[in-house]
Amino acid sequence: MKTGDVFPSKYAKAEDLDHDDEVVIERVVLEEFEDPQTKKKSNKAVCYFQRARKGLVLNKTNWGLIARQYGDESDDWVGKAITLTVIDVEAFGEVVSAIRVKLPKTAKVASAGLE
């Protein structure tokens, strides 16, 4: 049994991807999140993909990478292809794995491994 089987999430995590994954954007929506420590609520952009169960919570870096390619209006991203990849990043003094967006290498889009 894997952690994701025991504690399922509707959002993609770096552990969900074991290779680059080409996906097509289905929609981008704002969803409300609550900080478990402060109980403060805030809205975050979540990108959902065709043929994928999990959405990707967009941080400023990933938003900027998509916007640079397809424009700043997220409604215009629908139907556009991106590639999800995992890289190591420094966050809060630690090196952690994170999902990052890059342009797809091919026009052909495979089923997302986030299923």
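Presented here is a report on the structure given in the accompanying data block. Only a predicted model underlies this, so the values are computations on that prediction, with no experimental measurement involved.

## Some points on the pairing of strand E4 (residues 81–91)
No. 1: Sheet analysis places strand E1 (residues 21–34) next to E4, joined by 4 bridges and oriented antiparallel. Considered in E4, the bridge of Val23 is made with Ile82.
No. 2: Judged from the 9 bridges that link them, E4 and strand E5 (residues 94–102) form a sheet pairing that is antiparallel. What sits directly across from Glu90, in E5, is Val95.
No. 3: Turn length for the E4-E5 hairpin, with the two strands adjacent in sequence and antiparallel, is 2 residues, and the turn residue Phe92 shows positive phi of about 55 degrees.

## Points about the nonpolar core
No. 1: Residues Ile25, Phe49, Leu56, Leu58, Ile82 and Leu84 are the most contacted members of the largest nonpolar core, which totals 19 residues.
No. 2: Residue assignment for this core shows that the elements contributing at least two residues are E1, strand E2 (41–49), helix H2 (60–70), E4 and E5.

## Section: the sheet that holds strand E3 (residues 56–57)
No. 1: Read from one edge to the other, the open sheet built from 5 strands follows the order E3-E2-E1-E4-E5, with strand pairing classed as antiparallel. Taken across any chain shown, the strands that pair with only one partner, and hence form the sheet edges, are E3 and E5.
No. 2: Pairing analysis gives 9 bridges linking E1 to E2, with the strands arranged antiparallel. Opposite Arg27, over in E2, you have Tyr48 as the bridge partner.
No. 3: Packed onto the sheet, H2 meets E1, E2, E3, E4 and E5 and runs at close to 20 degrees relative to E5.

Parameters at a glance
Residues numbered from 1 in each chain as written. Predicted model: local features only at pLDDT ≥ 70, side-chain atom pairs only at ≥ 80, totals over all residues. Heavy atoms only, no water. Pairing = 2+ DSSP bridges. Helix = DSSP H or I, 4+ residues; strand = E, 2+ residues; numbered from the N terminus. Core = buried A, V, L, I, M, F, W, Y, C linked by side-chain atoms within 4.5 Å. Buried < 20%, exposed > 50% of the residue type's maximum accessible area, 1.4 Å probe, protein only. Contact = heavy atoms within 4.5 Å. Axes fitted to C-alpha atoms, helices over the stretch in contact; angles between N-to-C directions.

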